[in-house]
Amino acid sequence: MRLMHAPAVAFLEASVNGVLGGFGHVSDDDIMESRKFLFKALGKSGQGALGKCVADCGAGVGRVSQHLLLHHFQEVDLVEPSHHYIETARKNLCEPSTSQSWPSQHKAVNFYELGLEAWTPESQR
């Protein structure tokens, strides 16, 4: 079965404002609660590194990677079917920026432009 993603995402602006439907910033409360959920789901406590690699599935423009995942994982792979979203994520996460808030050794590594149902994670990654 082939899913059609283009009609669902083509009309949205490739920005945090567009992805969040006009709510132009990421809420600190949203990130805090997501961080709590992530630590609990992985059986960890406190802050710091959670692991080597994680996938951001349905990554959009990379806001979850930028504000949460890159703070706790050494490498993040992004999976997103929309070309303009994944390219915006690549720009937001890979171009040098003075506003980078995650550890410098943590990187967004792979940007997969495809739907999750078509993606197969690399073995041993």
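Residues numbered from 1 in each chain as written. Predicted model: local features only at pLDDT ≥ 70, side-chain atom pairs only at ≥ 80, totals over all residues. Heavy atoms only, no water.

Caption draft 1: Seen up close, the overall build of the chain. In terms of regular secondary structure, the chain is built from 5 helices and 3 strands. Long-range contacts, defined here as pairs at least 24 residues apart, represent 58% of the contacts in the chain between residues at least 6 apart. Split by element, the accessible area of the chain, about 7700 Å² in all, is 54% carbon and sulfur. (Helix = DSSP H or I, 4+ residues; strand = E, 2+ residues; numbered from the N terminus. Contact = heavy atoms within 4.5 Å. Areas by Shrake-Rupley, 256 points an atom, 1.4 Å probe, with all protein chains shown as cover.)

Caption draft 2: Summary view of the packing of aromatic side chains. Counted under the stated rule, the structure contains 1 aromatic pair. Pairing Y112 with W119 gives two aromatic rings, centres 5.9 Å apart and planes at 50°, and the pair type is tilted. By the burial criterion, Y112 is buried, and W119 matches it. (Phe/Tyr/Trp six-rings, centres within 6.5 Å; stacked < 30°, edge-to-face > 60°. Buried < 20%, exposed > 50% of the residue type's maximum accessible area, 1.4 Å probe, protein only.)

Caption draft 3: The pattern of salt bridges, seen in detail. Considering all chains together, one arrives at 6 salt bridges under this definition. Among the ionic pairs, E33 bridges to K36, the shortest N-O distance being 3.3 Å. Within this pair, E33 and its partner K36 are both found in helix α3 (residues 28–41), separated by 3 residues, close to a single helical turn. We classify E33 as partly exposed; its relative accessible area is 43%. Note on K36: relative accessible area 48%, which makes it partly exposed. (Salt bridge = Lys/Arg side-chain N within 4 Å of Asp/Glu carboxyl O.)

Caption draft 4: Region of the structure containing the confidence of the model for the chain. Looking at the chain as a whole, its pLDDT mean stands at 82, while 76% of the residues score no less than 70. For the chain, the element scoring lowest by mean pLDDT is helix α2 (residues 16–19), at 50; strand β3 (residues 107–112) scores highest, at 97. (pLDDT = per-residue confidence, 0-100.)

Caption draft 5: Fine view of the sheet that holds β3. Across the sheet, 3 strands lie side by side as β1-β2-β3; this open sheet has parallel pairing. Edge positions in the sheet fall to β1 (51–57) and β3, since each of these pairs with one other strand and no more. Pairwise comparison of adjacent strand axes, ignoring direction, gives a mean angle of 20° for this sheet. Where strand β2 (residues 73–79) and β3 come together, 5 bridges link them in parallel fashion. Within β3, the position partnered with V79 by the bridge is Y112. Where helix α4 (residues 63–72) meets the sheet, it contacts β1, β2 and β3, and its direction lies at approximately 145° from that of β2. (Pairing = 2+ DSSP bridges. Axes fitted to C-alpha atoms, helices over the stretch in contact; angles between N-to-C directions.)

Caption draft 6: Expanded view of the packing of α3 against α4. Relative to each other, α3 and α4 sit at 45°, their axes nearing to 11 Å. Put simply, α3 runs oblique to α4. The two elements α3 and α4 cross, and the hand of that crossing is right-handed. Between α3 and α4, the contacting residues are D30, I31, S34, R35, L38 and F39 on the first element and R63, H67, L68, L69 and H72 on the second. Class assignment of the residues belonging to the contact of α3 with α4 gives a composition of 5 nonpolar, 3 polar and 3 charged. (Parallel < 35°, antiparallel > 145°, perpendicular 65-115°, else oblique. Left-handed = near helix turned anticlockwise from the far one by under 90°. Nonpolar A, V, L, I, M, F, W, Y, C, P; charged D, E, K, R; others polar.)

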